[in-house]
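Survey of secondary and tertiary structure
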Amino acid sequence: MNGIKVCLALIAILVASLALTGGGDDNPSSADSGNTPDEIVAAEATEQATNADGPTWRFAYNPGSLIAFSLDGTVKVLREAVNNIGNPCFQVGPQNALFRWDDGSDKSWLRLTPDAAYSLMIPADLVKFSDEIWEMVAYSDPYAILLVPTDPTSMIPAGVGLLVNVETGTTERLVGEARRDSWETITRFSADGRYLRYASQEVSATGMWTLWERTLASGEERAIYTWDKRPDLQPDRYGERWLPRSDLQSETGIELYSLLSLDGTSSVIAELPQDEGMTVRMLGNAWIKYPRSTCEPDCPFQVYLLAGGDPITFVAPEYDKGPGIKPLAWVDESHLLVQLLDEIWFLSSDGSSELIGYLTPTMTDPLSPDGRWMLVTNDREDTEHYRIWDNQTQGYVLEGEHDQDFGVFYSREGFVVVENALDWSQIVVYSFADGVVFRPSFDGGGLTTAEVFPSNEVLYRPSKDDENLPSGLYRYHLETDTYDLLVEGFWFSCGVYLR
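All values derive from a computational prediction rather than experimental measurement.

1. Let's talk about the state of the cysteines
Under the criterion given, the structure shown has 1 disulfide. Cys89 shares a disulfide with Cys494; S-S distance 1.8 Å. Between Cys89 and Cys494, the S-S dihedral sits near 70 degrees, and the bridge is therefore right-handed. Taken together, the positions of Cys89 in strand 4 (residues 89-93) and Cys494 in the loop between strand 41 (492-493) and strand 42 (495-496) put the pair 405 residues apart, joining distant regions of the chain. Residue Cys89 is classed as buried on the basis of its relative accessible area of 6%.

Given below as structure tokens:
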């Protein structure tokens, strides 16, 4: 089973869309998914309007070439002699990508456009870390944040943030450093894209932590708040409110939880006796007070909207062991998705709850980045049958059966369920546009990415080369179950950044 899990992870890295989500020790994959379905639709409509000026381009590479291609069959060679087929490559816009170049002697980062590949201007003090695997942790057109590991051998690896202007190729190191597993949690772009908010630790004897706000147009930075120890921050979706770690009052045994605003003010939102076992966390546009471990019958917990108003009370299912309730997605003002051990529950503010399914140990990122869709199995014993739950419609949109370890990959226009991680020809595609389920009849091949395009098409790559179907990238038409050859050869496609 471990071998299958590793295989799925490698496939996800090399050929799946990269649905990057919130990290950190206590953050589920939907840490910033507290927006309601209406907000999600509005955000997607705005993005589609912004990107409607030109065709969508994708980028791919093999040991011979680095190319740009569009779904109409246009192909442009950007560079030749790529050395490493495992190079990180992130699609960060309809016509841009970031790619780690390696020709055997030169290792650098490139900014890709449909017409050319340009070298990023990396700060001199970070060039020495080029051999390490850099990650992308945030993006807001035209800016991206790359995480550069500076101490990869440490038990708690540290890294610095590199701000990249994807349009100009300029880069700038952000102030301080932070744990590698924290950067996704502590980095937020403002709703209008004008500001970057992040927290980092000084590289000095004091080791102070600071919450920064950067004006992207001017590069001006201002310190909002400082701490003398790691604050374990939880931000809202756009970094307008921040929830630091609780402050334990040793003389009273009371844990104080405060909300921090951008003007540097802090207000106490909860005073919880430590022996009551309650805790607080941020989830989207709300904060939640809930039991840390055990919960008595009819156990209530409250959701407080950041906009104000009376708390919304939910009742958790009874349980008496394990790590306790884990809030996953704030659906709307009446519904909440939570995890209890291996169970996934849909809670309503009227006190009712519905067990929608179970998780398996090998599932990776079953919740979509926007917090709407959830992959579950039917029950603990029958793990071969799965379902996809829709928080918005409060029902299942897809049911199926898998042969081997399986997974789901989300894109902006739909999702793909791989029912056999060892054979990507066994897949199911769900289109968001019209709610249609497709089961392509692939012949000796499978997907090269898990991206669904608005035209109900996917990228397809045969796994076997024969005279009737040569190796290459194909445009697969889901509605007609047909395909067109875009470019011959064996290719790896760049992952698409979703958040």
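2. Digging into the sheet that holds strand 33 (residues 407-411)
Spatially, the 4 strands line up as an open sheet ordered 33-34-35-36, and their pairing is antiparallel. Across the chains shown, the open sheet's two edge strands, defined by having one partner strand only, are strand 33 and strand 36 (436-438). Here the average twist between neighbouring strands, direction ignored, is 20 degrees. Pairing between strand 34 (residues 414-418) and strand 35 (residues 427-431): 5 bridges, direction antiparallel. Bridge pairing in strand 35 places Val418 opposite Ile427.

3. Let's talk about the environment of Pro454
Relative to the assigned elements, Pro454 resides in the loop between strand 37 (445-453) and strand 38 (457-462). Note: C-alpha distance between Pro454 and Ser431 (23 residues apart in sequence) is 8.2 Å.

4. A closer look at the sheet that holds strand 16 (residues 221-227)
The 4 strands lie next to each other as 13-14-15-16, forming an open sheet whose pairing is antiparallel. Each edge of the open sheet is held by one strand with a lone partner, namely strand 13 (187-189) and strand 16. This sheet shows a mean twist of 15 degrees between the axes of neighbouring strands, independent of strand direction.

5. Regarding unusual backbone geometry
For the bond running from Asp141 to Pro142, omega is 10 degrees, close enough to zero to count as cis. Residue placement: Pro142 occurs in the loop between strand 8 (135-140) and strand 9 (143-149). Backbone geometry places Leu341, a non-glycine residue, at a positive phi of 60 degrees. Tracing the chain through its elements places Leu341 in the loop between strand 27 (335-340) and strand 28 (343-348). The partly exposed category is assigned to Leu341, whose relative accessible area is 32%. The phi angle at Asp481 is positive, at roughly 60 degrees, despite the residue not being glycine. Residue placement: Asp481 occurs in the loop between strand 39 (472-477) and strand 40 (482-488).

6. Points about the packing of aromatic side chains
Across all of its chains, the model carries 20 aromatic pairs by this definition. Look at Trp389 and Tyr396: their rings are 5.2 Å apart centre to centre, the planes differ by 75 degrees, and that puts the pair in the edge-to-face class. A relative accessible area of 1% places Trp389 in the buried class. For Tyr396, a relative accessible area of 27% gives the class partly exposed.

7. With respect to the nonpolar core
Judged by nonpolar contacts, the single largest core of 25 residues is most densely connected at Leu337, Ile344, Met374, Leu375, Ile388, Phe415 and Val417. For this core, the elements supplying multiple residues, two or more each, are strand 26 (325-332), strand 28, strand 30 (373-377), strand 31 (385-390), strand 33, strand 34 and strand 35. Take this core: its biggest share by element is 4 residues, from strand 30. When residues no more than four places from it in sequence are discounted, the contact partners of Leu337 are Pro327, Leu328, Ala329, Val331, Ile344, Trp345, Phe346, Ile356, Leu367, Met374 and Asn391. Tyr143, Tyr198, Trp212 and Trp227 belong to the second largest nonpolar core, which has 24 residues in total.

8. Digging into the environment of Ile312
By secondary structure assignment, the location of Ile312 is in strand 25 (residues 312-316). For Ile312, a relative accessible area of 13% translates into the label buried. On a C-alpha basis, the gap between Ile312 and Ser349 in space is 6.7 Å, while along the polypeptide they are 37 residues apart. Excluding its chain neighbours within four sequence positions, the residues that come into contact with Ile312 are Phe301, Gln302, Val303, Leu305, Trp330, Glu333 and Ser349.

9. A look at the pairing of strand 27
Sheet faces and side chains relate simply in a regular strand, where the side chains alternate between the two faces. When you tally the buried positions in strand 27, you get 6 out of 6 residues, the bulk of the element. Where burial is concerned, the two faces of strand 27 agree: the one with His335, Leu337 and Gln339 and the one with Leu336, Val338 and Leu340 are both buried. The pairing of strand 26 with strand 27 spans 6 bridges and is classified as antiparallel. For Ala329, the partnering residue across the bridge sits in strand 27 and is Leu337. Taken together, strand 26 and the strand that follows it, strand 27, pair antiparallel across an intervening segment of 2 residues. Both strand 27 and strand 28 contribute to a ladder of 6 bridges, which runs antiparallel.

10. Details of the side chain of Asn62
Note on placement: Asn62 falls in the loop between strand 1 (57-61) and strand 2 (65-70). On the accessibility criterion, Asn62 (12% relative accessible area) is buried. Engagement of the side chain of Asn62 in a polar contact is seen with the backbone nitrogen of Gly64, the distance being 2.7 Å.

11. Some words on the confidence of the model for the protein chain
In the predicted model, the protein chain carries a mean pLDDT of 79, and 81% of its residues have values of at least 70. Confidence over residues 1-52 falls short of pLDDT 50; this stretch has 119 contacts with residues more than four positions distant or in other chains.

12. With respect to the pairing of strand 29 (residues 353-358)
Both strand 28 and strand 29 contribute to a ladder of 5 bridges, which runs antiparallel. The partner of Glu343 across the bridge, within strand 29, is Tyr358. Linking strand 28 to strand 29, which pair antiparallel, is a turn of 4 residues; within it Gly351 sits at a positive phi near 95 degrees.

13. Focus: the pattern of salt bridges
Scanning the model with the defined rule gives 16 salt bridges in all. Residue Arg475 is joined to Glu457 by a salt bridge in which the shortest nitrogen-to-oxygen separation is 3.7 Å. Taken together, the residues span a long stretch of sequence, with Arg475 in strand 39 and Glu457 in strand 38 at a distance of 18 residues. You can call Glu457 buried: its relative accessible area is 8%. Taken together, the shared-partner salt bridges connect Glu172, Arg214 and Glu221 into one network.

The rules behind the values
- Residues numbered from 1 in each chain as written.
- Predicted model: local features only at pLDDT ≥ 70, side-chain atom pairs only at ≥ 80, totals over all residues.
- Heavy atoms only, no water.
- Disulfide = S-S within 2.5 Å.
- Helix = DSSP H or I, 4+ residues; strand = E, 2+ residues; numbered from the N terminus.
- Buried < 20%, exposed > 50% of the residue type's maximum accessible area, 1.4 Å probe, protein only.
- Pairing = 2+ DSSP bridges.
- Axes fitted to C-alpha atoms, helices over the stretch in contact; angles between N-to-C directions.
- Phe/Tyr/Trp six-rings, centres within 6.5 Å; stacked < 30°, edge-to-face > 60°.
- Core = buried A, V, L, I, M, F, W, Y, C linked by side-chain atoms within 4.5 Å.
- Contact = heavy atoms within 4.5 Å.
- Polar contact = N/O pair within 3.5 Å; in protein donor to acceptor, adjacent residues only side chain to side chain.
- pLDDT = per-residue confidence, 0-100.
- Salt bridge = Lys/Arg side-chain N within 4 Å of Asp/Glu carboxyl O.

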